[in-house]
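Residue-level listing of the chains:
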Amino acid sequence: MKAKRKSPSRPSSKARATHQTKRVEKAVAKAQARIPTAFHITVVRFTAEEKLEAGCQKKLMVIERTVRGDEDSWHFVLSFDPVVSERVSFRDLVKVAGHEVLHALLWPIADAVQRRGITEKQAEELARAEENIVYTLQRALFGEIRA
Ligand SMILES: [Zn+2]
């Protein structure tokens, strides 16, 4: 009788998602080593809703403030899509994480400007300027993102 061969099993989607969370946590730690801040960053996977409205990094990851805002202003939540991160090299994950950390670093400037009251058009200009600064710093500190 022929022995039944067990087919090579592919890790479950939950195991793969957990693995991706660990990869992104490591990428964030590495990015933070290049940009020393007192930030505490919690890594979570996107909810389906967040997936639809993700930010500038091609729906890979986005950093946000916590709901506690000013009371806990150095704590951020970095959400990511484990399906997308699976296809991205660790090197590029570090670059994208660095990009997101740089955004968080610049937010106090935008906050100060916005508190003075600006038009929607000025807010858009400010966001574009921030994005250009972030890309410039990201390239200087981490290199170009090829993902
Ligand atoms: Zn950006």
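None of these values were measured; they are calculated from a predicted model. (Residues numbered from 1 in each chain as written. Predicted model: local features only at pLDDT ≥ 70, side-chain atom pairs only at ≥ 80, totals over all residues.)

(A) Main features of the overall build of the chain. Summing up its helical and strand segments, the chain has 5 helices and 3 strands in all. Put simply, the chain runs from its N terminus to its C terminus through helices and strands in the order α-β-α-β-β-α-α-α. Across the 147 residues that make up the chain, the buried fraction comes to 24%. Residue pairs in contact within the chain that sit at least 24 positions apart in sequence constitute 75% of those at least 6 positions apart. (Helix = DSSP H or I, 4+ residues; strand = E, 2+ residues; numbered from the N terminus. Buried ≥ 20, exposed ≤ 12 C-beta atoms within 10 Å, placed from the backbone. Contact = placed C-beta atoms within 7 Å.)

(B) Quick look at helix α1 (residues 13-34). Over its 22 residues, α1 extends 32 Å from the first C-alpha to the last, a length consistent with the 32 Å expected when each residue adds 1.5 Å. Residues Gln 20, Val 24, Ala 27, Val 28 and Ala 31 constitute the buried set of α1. The buried side chains of α1 occupy one side of the element, clustering within an arc of 100° when seen end-on. Opposite the packed face of α1, turned more than 90 degrees from it, sit the exposed residues Lys 14, Ala 15, Lys 22 and Ala 33. The inward-facing, buried residues of α1 contact β1 (40-45), β2 (61-65), β3 (75-80), α3 (82-85) and α4 (90-115). (Expected span 1.5 Å × (residues − 1). Arc of directions from axis to C-beta.)

(C) View of the confidence of the model for the chain. Per-residue confidence for the chain gives a mean pLDDT of 88, with 86% of residues at or over 70. Within the chain, helix α2 (residues 48-52) has the poorest average pLDDT of any element, 64, and β1 the best, 96. (pLDDT = per-residue confidence, 0-100.)

(D) Layout of the packing of α1 against α4. The geometry of α1 relative to α4 is characterised by a closest axis approach of 8 Å and an angle of 60° between their N-to-C directions. By the angle between their directions, the pair α1 and α4 is classed as oblique. For the pair α1 and α4, the sense of crossing is right-handed. Residue-level inspection shows Arg 23, Val 24, Ala 27, Val 28, Lys 30, Ala 31, Gln 32 and Arg 34 of α1 in contact with α4, the latter providing Phe 90, Leu 93, Val 94, Ala 97, Gly 98 and Val 101. Class assignment of the residues belonging to the contact of α1 with α4 gives a composition of 9 nonpolar, 2 polar and 3 charged. (Axes fitted to C-alpha atoms, helices over the stretch in contact; angles between N-to-C directions. Parallel < 35°, antiparallel > 145°, perpendicular 65-115°, else oblique. Left-handed = near helix turned anticlockwise from the far one by under 90°. Nonpolar A, V, L, I, M, F, W, Y, C, P; charged D, E, K, R; others polar.)

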